[in-house]
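Read off the chains here:
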Amino acid sequence: MRLSYKLLTVLLPFVLAPLAFTQNFPDIKPAPQQTAWQDLEFGVILHFSTNTFLDREWGDGTADPKVFNPTQFDADQWMQAVRDSGARYVVLVAKHHDGFCLWPTSQTDYSIKKSPWKDGKGDIVGDVAKAARKYGLKFGVYLSPWDRHDPRYADSAAYDKYYLSELEELVTNYGDLVEFWLDGAGSGGHVYNFPKIMETLRTYQPNTIVFADTALFEYGDARWVGTESGRVGYENWNVIDRHGYLRWRPVEADTPLRDLHWFWHPNDEKSVKSLDELMATYELTVGRGAQLMLGLAPDNRGLLPDSDVARLKELGAALHTRYATNLVLSRLPTSKAEDAALDNDPDTFWSAPPGSHHATLEVSFAKPITFDRALTMEWLNDGQHIQKYSIDAWLDGKWRRVAGAEAIGHKKIDGFAPVTASKVRLNILSSTSEAHIREFQLYHSGAPPAQ
């Protein structure tokens, strides 16, 4: 779906190289729309096009628009399933690499205008945007830069004009967009006018988060994790350094619900990921300070398959169950200042003493509790400051570390073997200035740590 193997080989070192350094740039702060986007935590990306009807992952731009004819299309069914999964935002692939457009664009006839669906008078983008908002979900779009159908692609200037005209339609006709999604798949040396693309987007959608690989351009608002496993495999700092260009650029980690498939394929029910795998993915993305972007694929009826709907509902229920009982709420009384990090309310936060580089946040209980998860959220509006921490439990008359790492960031979920103790602390071992903690929570999930 994303990068061709050849292009991936070229770009991956540049994508991953800046991430290898366990460093932070505390003077760089996020924009308000970035912290709001990070609070969404979990989104989905929807792939639905001519590929759906031809059993393909990669369209070549030759598909006849007449193949696009869903008989039971229901955007409400999609969005209800998305909401039930626990996701909070939706990105629709408005045009994939084959160039087929899911809205009645005036820029080309290679769109649903020439399909038999609704006699060419339908608008998938409009229907999905409306349904997303109906179910309380934010809405965004992906407009593939690569286009394997349009002959203008061979002429950079002509294609840029075409692409910008398509983009202008999307950013002016479908309300506020939470995210504009980009990648470099298949571009094969084609040079895009990214400054003009961003200028067009920002003119009409100044608060939209721009997701793009770090190899594409320096000034995106969010970055790719580096794989399609949907997992963060490194200490996650929100500031990226690309050739000396420092920018707050949090991670989004994408992975499909079905193994290796972004589009729907027939006779493929066994590829739906297990609930245990999805729960582990959540803890290794959202639980490592990143956004989880789960790929969903409606079938040729225009519906999410029953198996996918069921698994999404199971995921939402499992997430709710695992994080429903915050044991910290049963603590002994703490100070009013400390309460701000222990109150189950991420809109409040505790601050360590001004100018400090080390601090602790301790909770005590009337009787020992058993827990196997610690959830910590850092208040990031002033930058990412914590550089090393541990979770300690009072065991056998002394503090013993049960988990720890370097970065906390937006949210960190530490899993470990069950521990029973009457005192637990968040031990901030090193911070660039005083630490700010939105939440420190403890849970007993009964599940092994995510691997």
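Because the structure is predicted, anything quoted here is derived from the model rather than measured. (Residues numbered from 1 in each chain as written. Predicted model: local features only at pLDDT ≥ 70, side-chain atom pairs only at ≥ 80, totals over all residues. Heavy atoms only, no water.)

### Digging into the nonpolar core
Filter applied, for reference: Here the nonpolar core consists of buried residues drawn from Ala, Val, Leu, Ile, Met, Phe, Trp, Tyr and Cys, with membership extended through side-chain atoms lying within 4.5 Å. With a 1.4 Å probe rolled over the protein chains alone, any residue whose accessible area is under 20% of its type maximum counts as buried; one over 50% counts as exposed, and the rest are partly exposed. We count a stretch as a helix when DSSP gives it H or I for four or more residues in a row; a strand needs E for two or more, and each element gets its number in order from the N terminus. We call two residues in contact whenever any of their non-hydrogen atoms come within 4.5 Å of each other.
Ranked by size, the top nonpolar core spans 75 residues in total, and within it M79, V128, F139 and F180 carry the most contacts. When residues of this core are assigned to their parent elements, the largest contribution, 7 residues, is made by helix α6 (residues 156–173). Discounting residues that sit within four places of it in the chain, F139 has contacts with V90, L92, V125, V128, A129, A132, R133, Y174, D176, L177, V178 and E179. Listed in part, the 31 residues of the second largest apolar core include L361, I391, A421 and I437.

### So, the sheet that holds strand β1 (residues 42–46)
To keep things clear, this is the line we draw: For two strands to count as paired, DSSP must find a minimum of two bridges between them.
Reading across from one edge, β5-β4-β3-β2-β1-β10-β9-β6 is the order of the 8 strands in this open sheet, with parallel pairing throughout. Two strands lie at the open edges of the sheet, namely β5 (209–211) and β6 (223–224), each paired on one side alone. In this structure, strand β2 (residues 89–95) lies alongside strand β3 (residues 138–143), joined through 6 bridges in parallel fashion. Bridge pairing in β3 links L92 to V141.

### Quick word on helix α2 (residues 32–40)
In an α-helix, one turn spans 3.6 residues; hence positions three or four apart end up facing the same way. All of the buried residues along α2 are Q34, T35, W37, Q38 and L40. Following α2 by one or two positions, E41 adopts a phi angle in the positive range, close to 70°.

### Quick look at the pairing of strand β12 (residues 359–378)
When β12 meets strand β15 (residues 412–431), the two strands line up antiparallel, connected through 13 bridges. Paired with T370 across the strands is T420, a residue of β15. Where β12 and strand β16 (residues 436–443) come together, 6 bridges link them in antiparallel fashion. For A374, the partnering residue across the bridge sits in β16 and is L442.

### Describing the packing of aromatic side chains
Each aromatic ring pair is characterised by the separation of its centres together with the angle its planes make. To keep it simple, the criterion reads: Centres within 6.5 Å make a pair out of two Phe, Tyr or Trp rings, where for Trp the six-membered ring is used; the pair is then stacked when the planes are under 30 degrees apart, edge-to-face when over 60, and tilted otherwise. Sitting over a ring, as applied to charges here, requires NZ of Lys or CZ of Arg to be within 6 Å of the ring centre and within 35 degrees of the ring normal.
Per the stated rule, a full pass over the model turns up 26 aromatic pairs. With centroids separated by 5.5 Å and ring planes inclined at 45°, the aromatic side chains of F68 and F100 adopt a geometry described as tilted. One end of the pair, F68, is in the loop between α3 (50–54) and α4 (75–85); the other, F100, is in the loop between β2 and α5 (124–134), with 32 residues separating them in the sequence. Comparing F68 with F100 shows no difference in burial state: the two are buried. Over the face of the ring belonging to Y162 we find R152, whose NZ or CZ atom lies 4.1 Å from the ring centre.

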